[in-house]
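# Chain and residue survey
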Amino acid sequence: MAIAALLIAAWPVPGRPIAAFFPAGTASADIAQAVTEASGSLLQIDTAAAVAFTMGERDGFVSSLYGAGAWLVIDAAFARLCTGSAEGSSR
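In short, a report on the structure.

Calculation rules
- Residues numbered from 1 in each chain as written.
- Predicted model: local features only at pLDDT ≥ 70, side-chain atom pairs only at ≥ 80, totals over all residues.
- Heavy atoms only, no water.
- Helix = DSSP H or I, 4+ residues; strand = E, 2+ residues; numbered from the N terminus.
- Buried < 20%, exposed > 50% of the residue type's maximum accessible area, 1.4 Å probe, protein only.
- Polar contact = N/O pair within 3.5 Å; in protein donor to acceptor, adjacent residues only side chain to side chain.
- Core = buried A, V, L, I, M, F, W, Y, C linked by side-chain atoms within 4.5 Å.
- Contact = heavy atoms within 4.5 Å.
- Salt bridge = Lys/Arg side-chain N within 4 Å of Asp/Glu carboxyl O.

For Asp46, the position within the fold is in strand β2 (residues 41-46). Judged by its relative accessible area of 14%, Asp46 falls in the buried class. A polar side-chain atom of Asp46 sits 3.1 Å from the main-chain amide nitrogen of Ala48.

Right under this line is the structure:
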């Protein structure tokens, strides 16, 4: 039950910012390119956590992020709780 609740809380919601986690050590330029290739708008990159906070309106955006190399895509608000990332942190 706890895992199901966690997955529901973290599920990306269309029209809201999402967080795309990439393998550790992924360069910020590579992360930005992956978001661009997935047709998303880049909001912020947290290089320490290899995560991009982004938005995408088109259908299949989350799938496109996975195809571009993301290993986890979740709701940005949930991700900020987990990573300690705050608005306005360095890119």
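Anyway, onward from the coordinates.
Among the nonpolar cores identified, the biggest contains 14 residues, and Ala20, Phe22, Ile31, Leu65, Ala70 and Val73 are the most heavily contacted of them. Non-local contacts of Phe22, meaning those with residues more than four positions away in its chain, are made with Ile31, Ala34, Ala50, Ala52, Ala68, Gly69, Ala70 and Trp71. With 7 residues, the next largest nonpolar core counts Ala19, Phe53, Ile74 and Ala79 among its residues.

One pass over the structure, following the stated rule, counts 1 salt bridge. For the salt bridge of Arg16 with Asp75, the shortest nitrogen-to-oxygen distance reads 3.7 Å. Taken together, the residues span a long stretch of sequence, with Arg16 in the loop between α1 (2-10) and β1 (18-21) and Asp75 in strand β4 (residues 72-75) at a distance of 59 residues. A relative accessible area of 42% places Arg16 in the partly exposed class.

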